[in-house]
Amino acid sequence: MDKSTFKGLITSIQPRIRLTRSFDEASHIYLGYAVKIAGTIDGEETISSNQNIVSIGIGKAAQAKFNFKVNDIISGACLPVPDPDMEPVDYYKVSKLSKVEEGEQGSISAPWELVPPELEVYRERGHRRLAARTYDVKCSSCMWGCRMPVEIIIDNWNPRGRRKYRFETFCYGPLSCKLYKAGPNRRVEGRGGMVYVEEDWVDEATVAHRGIDE
């Protein structure tokens, strides 16, 4: 398959993480970074399902090399993702990646628009659930925000059986952030019609090692 070429202004760069749920258990796969750009794909203006931007997945090594941030202009070639349920981006397998122009520094407070940290930092910090509307309106450009594709294994005794897919939004940012809203508890379907409700204490335990401004 021929790759599409892209060029555009970075409007957001966040961790690219996949979440697997099996009733009350959860695990993460750290794929790299999700980069949203406003620009062109194959010479045409980028358009996604809900806004005039497109998202591209890059690897950890690529971000370490270029230190991309909001307002940089980048270019490269990419392929569409084969399964949109399993990726938070529209395109991946990027080649010929280049920073065309260094952009001005973005916001240095919420929403933070700096060079995002290494993936290990996100893993160590842990996340809290983030209301989807808050993410869309206030946090979509923040380096601490994350929109994860979620694969739900309905029957953990039969992991090859029926699965469901959805997206969930999370915050890795400082606990004192004034933009933060948790939103409703997450519900996970299980075998035999059972439902697990992820209560507030799960988030609290995940970030308990951090101070209020961390």
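The structure this text deals with has already been given above.
What you see is a predicted model; the values in this text were computed from it and never measured.

Thresholds, definitions, all that
Residues numbered from 1 in each chain as written. Predicted model: local features only at pLDDT ≥ 70, side-chain atom pairs only at ≥ 80, totals over all residues. Heavy atoms only, no water. Helix = DSSP H or I, 4+ residues; strand = E, 2+ residues; numbered from the N terminus. Buried < 20%, exposed > 50% of the residue type's maximum accessible area, 1.4 Å probe, protein only. Contact = heavy atoms within 4.5 Å. Pairing = 2+ DSSP bridges. Core = buried A, V, L, I, M, F, W, Y, C linked by side-chain atoms within 4.5 Å.

Undergrad: I keep staring at the environment of D200 and nothing clicks. Help me out?
TA: Inspection of the secondary structure puts D200 in helix α4 (residues 200–206). Assessed through its relative accessible area of 37%, D200 is described here as partly exposed. In the structure, D200 is positioned 71 residues away from R129 in sequence and 9.0 Å away in space, judged by C-alpha atoms. Setting aside its immediate chain neighbours within four residues, D200 contacts R129 and N185.

Undergrad: Help me understand the environment of D85, please; the structure alone is not making it clear to me.
TA: Structurally, the position occupied by D85 is in the loop between β5 (73–80) and β6 (91–101). On a C-alpha basis, the gap between D85 and P149 in space is 6.3 Å, while along the polypeptide they are 64 residues apart. Once residues within four sequence positions are removed from consideration, D85 is found in contact with P149, Y165 and F167.

Undergrad: Looking at this structure, how should I read the pairing of β5?
TA: Extensive coverage of β5 is indicated by the burial of six of its eight residues. Relative to β5, strand β1 (residues 4–22) runs antiparallel, the two being bridged by six bridges. From the neighbouring strand, G8 faces β5, where its bridge partner is I74. The sheet contact formed by β5 and β6 spans six bridges and is antiparallel. Considered in β6, the bridge of I74 is made with K99.

Undergrad: Is there a simple way to explain the pairing of β1 in this structure?
TA: Consecutive residues of a regular strand have side chains that alternate between opposite faces of the sheet. Extensive coverage of β1 is indicated by the burial of 15 of its 19 residues. Bridging between β1 and strand β2 (residues 25–41) involves 16 bridges; their strand directions are antiparallel. Among the inter-strand pairings, I17 is bridged to a residue of β2, identified as Y30. With antiparallel pairing between neighbouring strands as the criterion, β1 and β2 make up a hairpin whose turn holds two residues, including F23 at a positive phi of roughly 55°.

Undergrad: What should I look at first to understand the nonpolar core in this one?
TA: Looking at soluble globular proteins, one finds that nonpolar side chains tend to be buried together. Counting residues in each nonpolar core, the largest one holds 40 residues, and the members touching the most others are F6, I37 and F68. Excluding residues that lie within four positions of it along the chain, F68 makes contacts with I10, I13, I58, Q63, I74, L97, S98, K99, V115 and P116. Counting residues in each nonpolar core, the second largest holds five residues, with L79, V81, V89 and Y92 among its members.

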